[in-house]
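# An overview of the molecular structure
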Amino acid sequence: QRARLWGRSSCQTVRVAHSQAGRLLSEPRNVTVGADRLWQVELDPQPAGIGHSILLEDCEGQVSLENVLFGDVLFCSGQSNMEFSIHQDHDREQTIAESTKYPHLRMFSAVRT
């Protein structure tokens, strides 16, 4: 599946470069910015993996996204038990020690409304 990136710029174009371990995975793309100042680009499909970098450049500077992961994304949600803190776990020391087995796990927290 293609990954879609989008953003806002006051420049005419945005250059997007995608690499992994310092090796370009495709030719950098120059994306035209619309009159509404918005741009978007789709990256070629990637196998699941870690350590990707995406460099975004326009006439005002550059932004580098580092340690980007490609692959399945799972979101967990639920009731109040989803707010359980690891520090409330009776076996917290063991749980924390075992967490090193999952170095690529990411956590996303949404603001409660």
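Please refer to the structure higher up on the page.
Heads up: these notes are all about the structure in this document. Note that the coordinates shown come from a computational prediction; the quantities given were computed from them, not determined experimentally.

Along the backbone of the protein there are one helix and seven strands. The order of helices and strands in the protein, counted from the N terminus, is β-β-β-β-β-β-β-α. Over its C-alpha atoms the protein spans a radius of gyration of 19 Å, topping by over 25% the 13 Å that the globule rule assigns to 113 residues. Across its three principal axes, the protein shows a C-alpha extent of roughly 55 × 35 × 25 Å. Counting every position in the protein, which comprises 113 residues, the buried fraction comes to 20%. Pairs at least 24 apart in sequence give 51% of the contacts found in the protein among residues at least 6 apart. Element-wise, carbon and sulfur atoms account for 51% of the exposed surface of the protein, whose accessible area totals about 9,300 Å². Measuring between centres, the 11 positive side-chain charges of the protein sit 4 Å from its 14 negative side-chain charges.

Right, let's talk about the state of the cysteines for a bit. Counted under the stated rule, the structure contains one disulfide. Here Cys-11 connects covalently by a disulfide to Cys-59, the sulfurs 1.9 Å from one another. Here Cys-11 and Cys-59 share a disulfide; its torsion about the S-S bond, -85°, makes the bridge left-handed. Of this pair, Cys-11 sits in the loop between β1 (3–8) and β2 (13–20) while Cys-59 sits in the loop between β6 (49–58) and β7 (61–70), and the two are 48 residues apart along the sequence. Exposure remark for Cys-11: the relative accessible area of 7% places this residue in the buried category.

On to the pattern of salt bridges. Close approach of charged atoms allows side chains of opposite charge to pair. This model, assessed by the stated rule, comprises five salt bridges. Here Arg-29 and Asp-44 are joined by a salt bridge, their closest N and O atoms 3.1 Å apart. Of this pair, Arg-29 sits in strand β4 (residues 29–32) while Asp-44 is found in the loop between β5 (38–43) and β6, placing the two residues 15 residues apart along the sequence. Here Arg-29 falls in the partly exposed class, since its relative accessible area comes to 26%. Through salt bridges with shared partners, a single network forms among Arg-2, Arg-29 and Asp-44.

A separate point is the nonpolar core. Counting residues in hydrophobic clusters, the biggest one holds twelve residues: Leu-5, Val-14, Val-16, Val-31, Val-33, Trp-39, Val-41, Leu-43, Ile-54, Leu-56, Val-68 and Phe-70. For this core, the secondary structure elements donating two or more residues are β2, β5, β6 and β7. Sort the elements by how many residues they give to this core and β5 lands first, with three residues. In this structure, Val-16 is in contact with Leu-5, Pro-28, Arg-29, Val-31, Trp-39, Val-41, Leu-43, Ile-54, Leu-55 and Leu-56, ignoring residues within four places of it in sequence.

Criteria and thresholds
- Residues numbered from 1 in each chain as written.
- Predicted model: local features only at pLDDT ≥ 70, side-chain atom pairs only at ≥ 80, totals over all residues.
- Heavy atoms only, no water.
- Helix = DSSP H or I, 4+ residues; strand = E, 2+ residues; numbered from the N terminus.
- Rg over C-alpha atoms; globule rule 2.2 N^0.38 Å.
- Buried < 20%, exposed > 50% of the residue type's maximum accessible area, 1.4 Å probe, protein only.
- Contact = heavy atoms within 4.5 Å.
- Areas by Shrake-Rupley, 256 points an atom, 1.4 Å probe, with all protein chains shown as cover.
- Lys, Arg positive; Asp, Glu negative; His and termini not counted.
- Charge placed at Lys NZ, Arg CZ, Asp CG, Glu CD.
- Disulfide = S-S within 2.5 Å.
- Salt bridge = Lys/Arg side-chain N within 4 Å of Asp/Glu carboxyl O.
- Core = buried A, V, L, I, M, F, W, Y, C linked by side-chain atoms within 4.5 Å.

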